[in-house]
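# Descriptive analysis of the structure
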Amino acid sequence: MDWMLKDLAEGVPQTRQVVVLSADGLRMAQYGADTDSADRLAAACAGLQSLAGAVAAELPYSEGRMRLVVIEMDGGFFYLMAAGQGAFLAVLADEGVDAGLMGQRMRDLVLRIGEHLSTPPRQDVAAR
C-alpha cells in the first residue's frame, strides 16, 4: 500500500503526510512522516471521526456516518476521509495545496483500495 500513498503525496503538490488508520486510531500505513508523527495523527483522527459522526447524527436524514472532514489551519489543511469499513485516510498538506485535486485524488485512492483498507471490529480474546 505504501506506493499508493506515495502516489497520492507526489501527485498532489504540497502534500506533507498521508496516513491510513483504523477507526480506533491505529496506524495501518503511512507516507511522508516518521512513525511517531503518524501514530499521533492516527490517534487524533480517531477522536475526530467519532466527533464528526456524532454531529452527522444530528441531521434528520443522516445515517450518522462521517465521509469527509476538512480543517483549515494556520499553515495548511487537514483531510480525513472514510476509506472502507472501519478505516480512514488522513492527509496533512501545506496551505497552497489544490483542495479540489486533493479531494479527487483521495476519492480515487479510496475507490481503488477501499476493500483492502477495511478493518474488522476487534474481538475480545477473553470472551472467546
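Structure's up top.
Just so you know, the residues in each chain are numbered from 1, in the order the chain's sequence is written. Totals for whole chains, interfaces and linings use all residues, but because this is a predicted model, local features are given only for residues with pLDDT of at least 70 and pairs of side-chain atoms are given and counted only at 80 or more. Only heavy atoms go into the side-chain values, all of them from the structure, while hydrogens and water stay out.

Scanning the chain from terminus to terminus reveals three helices and five strands. Think of it this way: any DSSP run of H or I at least four residues long counts as a helix, any run of E at least two long counts as a strand, and we number them from the N terminus. Secondary structure elements in the chain, listed N-terminal to C-terminal, are α-β-β-α-β-β-β-α. Under the scheme applied here, a residue whose accessible area is under 20% of the maximum for its type counts as buried, over 50% as exposed, and between as partly exposed, the area being computed with a 1.4 Å probe on protein chains only. Taking all 128 residues of the chain together, the buried fraction comes to 38%. Contacts between residues were defined by any pair of non-hydrogen atoms, one from each residue, lying within 4.5 Å. A sequence separation of at least 24 residues applies to 49% of the contacts in the chain between residues at least 6 apart. For the accessible areas, the method is Shrake-Rupley and the probe is 1.4 Å, while residue cover comes only from the protein chains on display. Here the chain has roughly 7,600 Å² of accessible surface; of this, 52% comes from carbon and sulfur atoms.

Glancing now at the pattern of salt bridges. Close approach of charged atoms lets side chains of opposite charge pair. Criterion for a salt bridge: a side-chain nitrogen of Lys or Arg within 4 Å of a carboxyl oxygen of Asp or Glu. The full count for this structure, using the stated rule, is six salt bridges. Across the pair arginine 16 and aspartate 94 runs a salt bridge, and its minimum N-O distance is 2.5 Å. Taken as a pair, arginine 16 in strand 1 (residues 15-22) and aspartate 94 in strand 5 (residues 87-94) lie far apart in primary sequence, 78 residues in all. Residue aspartate 94 is classed as partly exposed on the basis of its relative accessible area of 22%.

The next subject is helix 2 (residues 35-56). The span expected for a helix works out to 1.5 Å for each residue beyond the first. End to end, helix 2 covers 31 Å across 22 residues, agreeing with the expected 32 Å (1.5 Å per residue, within 8%). Considered for burial, the residues of helix 2 that qualify are Ser37, Ala38, Leu41, Ala42, Cys45, Ala46, Gln49, Ala52, Gly53 and Ala56. In protein, a polar contact means a hydrogen-donor-capable atom and an acceptor-capable atom, both N or O and within 3.5 Å, with residues adjacent in sequence counting only if both atoms are side-chain atoms; elsewhere, any N or O pair within 3.5 Å suffices. For helix 2, the capping residue at the N-terminal end is aspartate 34, with a side-chain oxygen 3.1 Å from the backbone nitrogen of aspartate 36.

Along the chain, alanine 29 falls in strand 2 (residues 27-31). Residue alanine 29 is classed as buried on the basis of its relative accessible area of 6%. Separated by 10 residues in sequence, alanine 29 and valine 19 place their C-alpha atoms 5.8 Å apart. Setting aside residues up to four positions removed in sequence, alanine 29 forms contacts with Met1, Asp2, Leu5, Val18, Val19 and Val20.

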